[in-house]
Amino acid sequence: MATIGSDAATMDKIVALCKRRGFIFQSSEIYGGLASTYDYGHYGVLLKTNVKAEWWRAVVQERDDMVALDAAILMHPKTWEASGHLEGFTDPLVQCLGTCKRRWREDHLREQAAAEGADSDAELRCPECGGELSEPRQFNLMFETHMGPVQDEGSRVFLRPETAQGIFVNFKNVLQFARKRPPFGIAQVGKAFRNEITPGNFIFRTREFEQMEIEFFVPPADAESWHERWMEERMAWYTELGIRPDHLRLREHGPDELSHYSSATSDIEYLFPMGWSELEGLANRGDFDLTQHARSSGEKLEYVDSASGERYVPHVIEPSAGADRAALAYMVDAYDEEEVEGRERVVLRLHPRLAPVKVAVLPLVNKDGQPERARAIYEDLRRRLPAEYDVGGSIGKRYRRQDEIGTPWGVTVDHQTLEDDTVTLRDRDSLEQTRLPIAALGDELSDRLLAPWRSPKLT
Ligand code: GAP
């Protein structure tokens, strides 16, 4: 068995696999597609749901200092004035004045030019046609719409560009009911929208995406140490779920890169096929947001210790991840190609907890009572964990399909099953086959799912 290459993933291969196996499709495809928007199919939904569930498990279920929130996407327009997004959530836009007329982010072009060794004051040209570029203009990334039947300034609302503000405006509500005191955090998962100038790289940068955000409120003096702790916690989350540590790094933002609210930010970057790129941002937002919303709303947004009477505006550490980007990174890291007995197979070596389907139950042949027996085993197993039953096509083809969607275990029902109530259990990565009684299957699979897991790509 020869591994063709543990870094065989290219973005084209990932896109093709996602389409071939129904993970992710171009949105509105029958109308020619809507640029940079994507729809998730069955396995894509299951994968992204597992990513989010693992995030909830790590940041809420397994901690004492976090509570959950689900705020509305549409918020009072004053939110975005106070947060600074109306004024500051902009990117510098330049347009090609040559033949192609394409629009670009000036900061991205400068980064690219610097990476290629150009002088920082060298004139930028259009990367597409070499044309001259316009002067940069600040472009606000928020999508606007109107609430109610009248479309005027008074009815203008925005689709939230980050879920974070829903947490800040609920700080007082949560503090009142959650019985928590700093250090404590509020976690939220939800859609965010940005009118990105240059979306691209499949689901890496889109105009509609899902965020998994934590706002962690701490006494001001402890902000730096909590920033450090969260960087460690979040790096560990990715590696425990199978990302190879040498494909992950922390990168501190330079002063010119910091968002308007941040005093320090580090990005967790992943080595995507297009190069090192942001997976998650970890910002120290100080007291910026609570102070701004307190000023704008007239509400006191602070913590008062009932015993000592001490009062202060907590500082905020924000680990902010993208669910789509994380799902993409897990797929890229898991993608593998190898040759088995002279045939090539594509396999997604996903952590079993992330895999859309945990076990496939397959009759060896579609006759002799095997399908009925396999179906009964499947119906029993699916009450315990996501399972799939497949009877169509050769056994080899069915296994290749399961390998491509990352199913870690396969149960084969054969003629011996009908004689002695045993089945074979196949491991996706080692291809080891174990014979075991049907009665032991459920416990065996549950144990395997809970066991610590290490990517077979790590030698
Ligand atoms: N509240 C802070 C915040 O929104 P951000 O760095 O702009 O910070 C956080 O976004 C994360 O959201 C990113 O690290 C990325 O994973 C995800 N994200 C941001 N913009 C995205 C986009 N256009 N498409 C997909 N994911 C995006």
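Every value quoted in this text rests on a predicted model; they were computed, and no experiment measured them. Position numbers for residues start from 1 in each chain and track the written sequence from start to end. Confidence filtering applies because this is a predicted model: local features only for residues at pLDDT of at least 70, side-chain atom pairs given and counted only at 80 or more, and all residues used for totals across whole chains, interfaces and linings. Excluded from the side-chain calculations are hydrogens and water; all other atoms, namely the structure's heavy atoms, are used.

**Concerning the overall build of the protein**
Phase 1 of the analysis: A count of helices and strands for the protein gives 14 helices and 24 strands.
Phase 2 of the analysis: Expressed along its principal axes, the backbone C-alpha trace of the protein runs to roughly 75 × 70 × 50 Å.
Phase 3 of the analysis: Counting over 459 residues, the protein shows a buried share of 51%.
Phase 4 of the analysis: Contacts are assigned to residue pairs that have any heavy atoms within 4.5 Å of one another. Summarising the internal contacts of the protein: among those between residues at least 6 apart in sequence, 67% fall at separations of at least 24.
Phase 5 of the analysis: About 22,000 Å² of surface is accessible on the protein, with carbon and sulfur atoms providing 48% of the total.
Phase 6 of the analysis: Lys and Arg are tallied as positive, Asp and Glu as negative. Neither His nor the chain termini are counted. Working definition for charges: the position is that of NZ of Lys, CZ of Arg, CG of Asp or CD of Glu. The average position of the 57 basic charges and that of the 78 acidic charges among the side chains of the protein differ by 4 Å. Runs of H or I in DSSP of at least four residues are treated as helices and runs of E of at least two as strands, each being numbered from the N terminus. Each residue is assigned to one of three classes by its accessible area relative to the maximum for its type, calculated with a 1.4 Å probe on protein chains only: buried under 20%, partly exposed between the two thresholds, exposed over 50%. To measure how exposed things are, a 1.4 Å probe is used in the Shrake-Rupley method; for residues, cover is taken only from the protein chains shown.

**Quick word on the packing of aromatic side chains**
Phase 1 of the analysis: Only centres within 6.5 Å qualify two rings of Phe, Tyr or Trp (six-membered ring in Trp) as a pair; their planes then separate them into stacked at under 30 degrees, edge-to-face at over 60, and tilted for everything else. Applying the stated rule across the entire model yields 16 aromatic pairs.
Phase 2 of the analysis: Judged by centre distance (5.2 Å) and plane angle (75°), the rings of F204 and F272 are edge-to-face. Of this pair, F204 sits in the loop between strand 10 (184-193) and strand 11 (208-218) while F272 sits in strand 13 (residues 264-272), placing them 68 residues apart in sequence. Of the two residues, F204 and F272, neither departs from the other in class, the shared state being buried.
Phase 3 of the analysis: For the ring pair Y270 and F272, a centre distance of 4.9 Å and an interplane angle of 85° mean the geometry is edge-to-face.

**Concerning the sheet that holds strand 14 (residues 275-286)**
Phase 1 of the analysis: Note on pairing: two strands pair once DSSP finds at least 2 bridges between them. Spatially, 7 strands are ordered 4-10-11-17-14-13-12 in an open sheet, and the strand pairing comes out mixed. Each end of this open sheet is capped by a strand with a single partner; those strands are strand 4 (66-69) and strand 12 (248-252). Mean inter-strand twist for the sheet, computed between neighbouring axes without regard to direction, equals 25°.
Phase 2 of the analysis: Angles here are taken between N-to-C directions and fall from 0 to 180 degrees, while the axes themselves are lines fitted to C-alpha atoms, restricted in helices to the stretch in contact. The sheet contacts of helix 2 (residues 42-61) involve strand 4, strand 10 and strand 11, and relative to strand 10 the element is tilted by about 160°.

**Regarding the site of the ligand**
Phase 1 of the analysis: Put simply, a residue is near a molecule or strand once any heavy atom of it comes within 4 Å of that molecule or strand. As a matter of local geometry, the ligand sits amid 21 residues, with E162, R194, T206, E213 and E278 nearest to it.
Phase 2 of the analysis: N or O atoms within 3.5 Å of each other form a polar contact, as long as, within protein, one can give a hydrogen and the other can take it, and as long as residues adjacent in sequence are counted only when both atoms are side-chain atoms. Between T206 and the ligand, the recorded distance is 2.7 Å, taken from a backbone N or O atom to a nitrogen atom.
Phase 3 of the analysis: A total of 560 Å² of accessible area belongs to the ligand in isolation, and the protein chains cover 92% of it.
Phase 4 of the analysis: Elements with a contribution of two residues or more to the shell around the ligand: strand 11, strand 14 and strand 17 (315-322).
Phase 5 of the analysis: Looking at which element gives the most residues to the shell around the ligand, the answer is strand 14, with 5 residues.

**Considerations on the nonpolar core**
Phase 1 of the analysis: Membership of the largest hydrophobic core comes to 57 residues, with the highest contact counts inside it found for F23, V51, M212, Y238, L328 and Y330.
Phase 2 of the analysis: The element contributing the most residues to this core is helix 10 (residues 323-334), with 9 residues.
Phase 3 of the analysis: What Y330 contacts, discounting residues up to four positions off in sequence, is V51, W237, Y238, L241, I243, L350 and L354.
Phase 4 of the analysis: The set of buried Ala, Val, Leu, Ile, Met, Phe, Trp, Tyr and Cys residues whose side-chain atoms join them within 4.5 Å is what this entry labels a nonpolar core. Core analysis: the second largest hydrophobic core is formed by 19 residues, I377, V413, L425 and L445 among them.

**A look at the pattern of salt bridges**
Phase 1 of the analysis: We define a salt bridge as a side-chain nitrogen of Lys or Arg found within 4 Å of a carboxyl oxygen belonging to Asp or Glu. In total, this model carries 47 salt bridges according to the counting rule given.
Phase 2 of the analysis: We note a salt bridge from E128 to R102, for which the minimum N-O separation is 3.1 Å. Of the two residues, E128 sits in the loop between helix 5 (106-115) and strand 7 (137-140) while R102 sits in the loop between strand 5 (90-95) and strand 6 (103-105), which places them 26 residues apart along the sequence.
Phase 3 of the analysis: Classification of R102 as partly exposed rests on a relative accessible area of 37%.
Phase 4 of the analysis: With its nearest N and O atoms 2.8 Å apart, the salt bridge here joins E208 to K191. Of this pair, E208 sits in strand 11 while K191 sits in strand 10, and the two are 17 residues apart along the sequence.
Phase 5 of the analysis: Taking the relative accessible area as the measure of exposure, E208 reaches 37% and is therefore partly exposed.
Phase 6 of the analysis: By relative accessible area, K191 is classed as partly exposed at 31%.
Phase 7 of the analysis: Within this structure, D336, E338, R345, R349, D403, R426, R428 and D429 form a network of salt bridges that share partners.

**Overview of the environment of Y238**
Phase 1 of the analysis: Here Y238 is to be found in helix 8 (residues 223-240).
Phase 2 of the analysis: Spatially, the C-alpha atom of Y238 lies 9.8 Å from that of I268, the residues being 30 residues apart in sequence.
Phase 3 of the analysis: Once residues within four sequence positions are removed from consideration, Y238 is found in contact with I243, L248, I268, L279, E280, A321, A326 and Y330.

**Regarding unusual backbone geometry**
Phase 1 of the analysis: Look at the link from P182 to P183: it is a cis peptide, with omega at 5°.
Phase 2 of the analysis: With respect to the secondary-structure elements, P183 resides in the loop between helix 7 (171-177) and strand 10.
Phase 3 of the analysis: Positive phi outside glycine occurs at D421, with the angle close to 60°.
Phase 4 of the analysis: With respect to the element layout, D421 can be found in the loop between helix 13 (415-420) and strand 23 (422-427).
Phase 5 of the analysis: Phi at L431 is positive, roughly 65°, even though this residue is not glycine.
Phase 6 of the analysis: Among the structural elements, L431 can be located in the loop between strand 23 and strand 24 (433-437).

**A short note on the pairing of strand 18 (residues 335-340)**
Phase 1 of the analysis: With 5 of 6 residues buried, strand 18 lies mostly within the body of the structure.
Phase 2 of the analysis: Remark: 2 residues form the turn of the hairpin made by strand 18 and strand 19 (residues 343-348), two consecutive strands paired antiparallel; E341 in that turn has positive phi of roughly 45°.

**Describing the sheet that holds strand 23**
Phase 1 of the analysis: Taking strand neighbours across the sheet as the criterion, the 5 strands line up as 21-20-22-23-24 in an open arrangement whose pairing is mixed. With one partner strand each, in any of the chains shown, strand 21 (387-389) and strand 24 form the two edges of the open sheet. When the angles between neighbouring strand axes are averaged without regard to direction, this sheet yields 25°.
Phase 2 of the analysis: The sheet contact formed by strand 22 (residues 409-413) and strand 23 spans 4 bridges and is antiparallel. Across the sheet, residue V411 finds its bridge partner in strand 23, namely L425.
Phase 3 of the analysis: Sitting on the sheet, helix 12 (residues 395-405) is in contact with strand 20 (359-363), strand 21, strand 22 and strand 23, with an inclination near 175° to strand 20.

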